[in-house]
Amino acid sequence: MSSEEAFVSIRGMSFSRGNRLIFNNIDLDIPRGKVTAIMGPSGTGKTTLLRLIGGQILPDVGTIEVDGHNVPTLKRTQLFELRKKSMGMLFQSGALFTDLSVFDNVAFPIRLHSDLPESMVRDLVLMKLEAVGLRGARDLMPAELSGGMARRVALARSVALDPEMILYDEPFTGLDPISLGITVKLIKSLNDALSLTSVLVTHDVEEACTIADYVCLLSEGGVIGFDTPENLIENGSEQVRQFMQGKPDGPVPFHFPANDFSEDLLKGVK
Amino acid sequence: MLKLIDKILDSIQALGNASLGRLQALGRAGVFLLSSLMWGGPGSAGFGDLVKQIYSIGVRSLSIIIVAGFFVGMVLGLQGYTILSDFGSEAALGTMVSLTLLRELGPVVTALLFAGRAGSALTAEIGLMKATEQISAMEMMGVDPLKRIITPRLWAGFISMPILALLFSLVGIWGGAYVGINMLGVDEGAYWGNMQASVEFYDDIIKGLIKSLVFGLVVTWIAVYQGFDSIPTSEGISKATTQTVVVASLAVLGLDFVLTAIMLGSI
Ligand SMILES: Nc1ncnc2c1ncn2[C@@H]1O[C@H](COP(=O)(O)OP(=O)(O)O)[C@@H](O)[C@H]1O
Ligand SMILES: [Mg+2]
């Protein structure tokens, strides 16, 4: 790991919402050109971590460097420049522009950020759509797509500008087996062909293990494991293995922090 | 006794907190307006986009504006005739109807209808964009949503409002004429002649237009800001939409008083 250059480098970062500490002084390096899966129970802050890396929210303390730039201290224009050049993000919901057709959604970032003639834009968009198998759906509106199709269009859009890093927020949830297979292959091939850095938030241990070079496990405000999937499954601590093998009982809490259950029940109606 | 003082202190604190909150919101809204307008001209997101917004904000408000203008004009004709005929001056009906509409009712009623028709739609549209992460997605592409989404809508509102208000007044004057001349028997020449003689281009038409420009900016500003600042849930959006109509209507009525006072030179 130390031999690899980090594309994202987080040091001493803490972040809280209200009085809930979501990240407590974490250090994390995401290596360049690799697929890193971020895993952990829901509500631990995986989406929050992606937003922090993308500069949409600011940490309380600490640095988050992307390609050498400390994101929280960038000016608005610098941040936009960095996102344009280096980051693509696939949102959990797809986040397609509902007033634009599939074609125009994918063309949107290309048209805004380049001076390519319309014929080139067309070729590029069709290439991206072909890659996700939706070239035939180019004239549909987002409302006419199924959830899985919308996700694939969003994927095509987030790679439209050939970013250096793509942040995927749960790209596999709610996909049928075929779309899932396509998406897994797509992420892997994008990563290999363009030597992208991919950061992948997922619950899906099996899929993560097939495509991730590294797995980062989050729990209770900290990184509890960062290694190759094989190493984590074999040599991880007890709580790491609990998560990787999907066992409900163990040191990783399944419950949102709360007071004692029996006490809560006995209190009755106030 | 101490309890009472505590209570009073508590309410003073709550009042202070609430005012600070309001002031903060106002400051945020002000920064929001400035940074959206700083992106410059109406064409900052491409003229195609501006035309699209003018269509959905302005053109699609046309029908409600025209129908409302006609009714308001007819009512003015009826009421005006009843009052004026007591003094034997029905001939001044044209003057009364046109001045009322151009100076006050045109800009004000148009702005109120606009807040209900276009303002609420703007808030809901932008709120939904936020809830479905479209705004975040745009930001992550390195595209400024203020420039792409807010600026063209602000300009579209600013451009549409005076045109709509002028149309409202025109149709209203025509409605007043219809009732006065065709139904109540006011002399046609007197209606139009007196109107022409008394309506001043600068004092009546231009001042009315200035009001509309101000209302256009304020109503659209409130609408887009409420959408952008809404809590991205269905409840949050419905609250923001209501808020738009309430705040924008009150702002229009309050500003109308201030603008009228300034224009009449009495402040
Ligand atoms: N906008 C928000 N306001 C307040 N709390 C939030 C907000 N978004 C997320 N949270 C809280 O932050 C925690 C982490 O959320 P998130 O990053 O979405 O988790 P996940 O790991 O499932 O993606 C959750 O416990 C959630 O309650
Ligand atoms: Mg999440």
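In what follows, the structure referred to is the one given above.
Cut-off values and rules
Residues numbered from 1 in each chain as written. Chains lettered and ligands numbered in written order. Predicted model: local features only at pLDDT ≥ 70, side-chain atom pairs only at ≥ 80, totals over all residues. Heavy atoms only, no water. Near = heavy atom within 4 Å. Polar contact = N/O pair within 3.5 Å; in protein donor to acceptor, adjacent residues only side chain to side chain. Areas by Shrake-Rupley, 256 points an atom, 1.4 Å probe, with all protein chains shown as cover. Helix = DSSP H or I, 4+ residues; strand = E, 2+ residues; numbered from the N terminus. Nonpolar A, V, L, I, M, F, W, Y, C, P; charged D, E, K, R; others polar. Pairing = 2+ DSSP bridges. Phe/Tyr/Trp six-rings, centres within 6.5 Å; stacked < 30°, edge-to-face > 60°. Buried < 20%, exposed > 50% of the residue type's maximum accessible area, 1.4 Å probe, protein only. Axes fitted to C-alpha atoms, helices over the stretch in contact; angles between N-to-C directions. Parallel < 35°, antiparallel > 145°, perpendicular 65-115°, else oblique. Left-handed = near helix turned anticlockwise from the far one by under 90°. Contact = heavy atoms within 4.5 Å. Expected span 1.5 Å × (residues − 1). Buried area = accessible area lost by both parts, 1.4 Å probe. Salt bridge = Lys/Arg side-chain N within 4 Å of Asp/Glu carboxyl O.

Asker: What am I meant to see in the site of ligand 1 here?
Answerer: Residue and element names in this part refer to chain A. Close to ligand 1 lie Arg17, Arg20, Ile22, Ser42, Gly43, Thr44, Gly45, Lys46, Thr47, Thr48 and Phe256, which account for all nearby residues. In this structure, an oxygen atom belonging to ligand 1 sits 2.6 Å away from a side-chain N or O atom of threonine 47. At a separation of 2.5 Å, an oxygen atom of ligand 1 approaches a polar side-chain atom of threonine 48. Calculation on ligand 1 without its partners gives an accessible area of 560 Å², and the protein chains cover 60% of this total. Mapped onto the shell around ligand 1, the elements with two or more residues apiece are strand S2 (20–31) and helix H1 (46–53). Looking at the shell around ligand 1, the element that brings in the most residues is H1, giving three residues. Each residue belonging to the shell around ligand 1 can be placed in one class, and the counts come to two nonpolar, six polar and three charged.

Asker: Help me out: how do you make sense of the sheet that holds strand S1 (residues 6–17) of chain A in this one?
Answerer: Adjacent strands of a sheet pair through backbone hydrogen bonds, lying either parallel or antiparallel. All names here are of chain A. One open sheet accounts for four strands, arranged S2-S1-S4-S5; its pairing is antiparallel. The open sheet has two edge strands, S2 and strand S5 (69–70), and neither has a second partner. In terms of strand pairing, S1 meets strand S4 (residues 61–66) through five bridges, oriented antiparallel. Paired with serine 9 across the two strands is glutamate 65, which belongs to S4.

Asker: What is the right way to read the packing of aromatic side chains from this model?
Answerer: What describes a pair of aromatic rings is the distance from one ring centre to the other and the angle between the planes of the rings. Residue and element names in this part refer to chain B. All told, the structure shown has six aromatic pairs over all chains when counted by the stated rule. When the ring of phenylalanine 70 is compared with that of tyrosine 178, the centres are 6.3 Å apart and the planes differ by 40°; the resulting orientation is tilted. A residue pair is termed long-range when its members are at least 10 positions apart, and phenylalanine 70 in helix H3 (residues 62–86) and tyrosine 178 in helix H6 (residues 145–183) qualify at 108 residues. Exposure remark for phenylalanine 70: the relative accessible area of 21% places this residue in the partly exposed category. An aromatic cluster of at least three residues, connected via ring pairs, comprises Phe70, Trp174 and Tyr178.

Asker: Explanation requested: the packing of helix H3 (residues 102–113) of chain A against helix H5 (residues 147–158) of chain A in the structure shown.
Answerer: Residues and elements named next belong to chain A. Running from N to C, H3 and H5 cross one another at 25°; their axes reach a closest spacing of 8 Å. On the basis of the axis angle, H3 is roughly parallel to H5. Relative to H5, the crossing made by H3 is right-handed. From H3, Val102, Asn105, Val106 and Pro109 reach across to H5, where they touch Val153, Ala156 and Arg157.

Asker: I would appreciate a short explanation of helix H9 (residues 234–263) of chain B in the present structure.
Answerer: For the α-helix, the turn length of 3.6 residues means that residues three or four positions removed from each other point alike. Residues and elements named next belong to chain B. Along its 30 residues, H9 runs 42 Å from first to last C-alpha, staying within 8% of the 44 Å computed at 1.5 Å per residue. Against helix H4 (93–131) and helix H8 (201–228) lie the buried residues of H9. Following H9 by one or two positions, glycine 265 has its phi on the positive side, about 75°.

Asker: Can you help me understand the interface of chain A and chain B in this one?
Answerer: You'll often see interface size given as the accessible area lost when the parts meet. Taken together, the contact pairs 23 residues of chain A with 15 residues of chain B. With both sides pooled, the region where chain A packs onto chain B buries about 1800 Å², and carbon together with sulfur makes up 58% of that total. Summed over the shared surface of chain A and chain B, the result is three salt bridges. Of the charged contacts in the structure, one is a salt bridge between aspartate 144 of chain B and arginine 76 of chain A, with a shortest N-O distance of 3.1 Å.

Asker: Explain the side chain of serine 230 of chain B to me, please; I cannot follow it from the model alone.
Answerer: Residue and element names in this part refer to chain B. Tracing the backbone through its elements, the reader meets serine 230 in the loop between H8 and H9. Residue serine 230 is classed as buried on the basis of its relative accessible area, which comes to 5%. Filtering out sequence-adjacent residues up to four positions away, serine 230 remains in contact with Gly127, Lys130, Gly236, Ile237 and Ala240.

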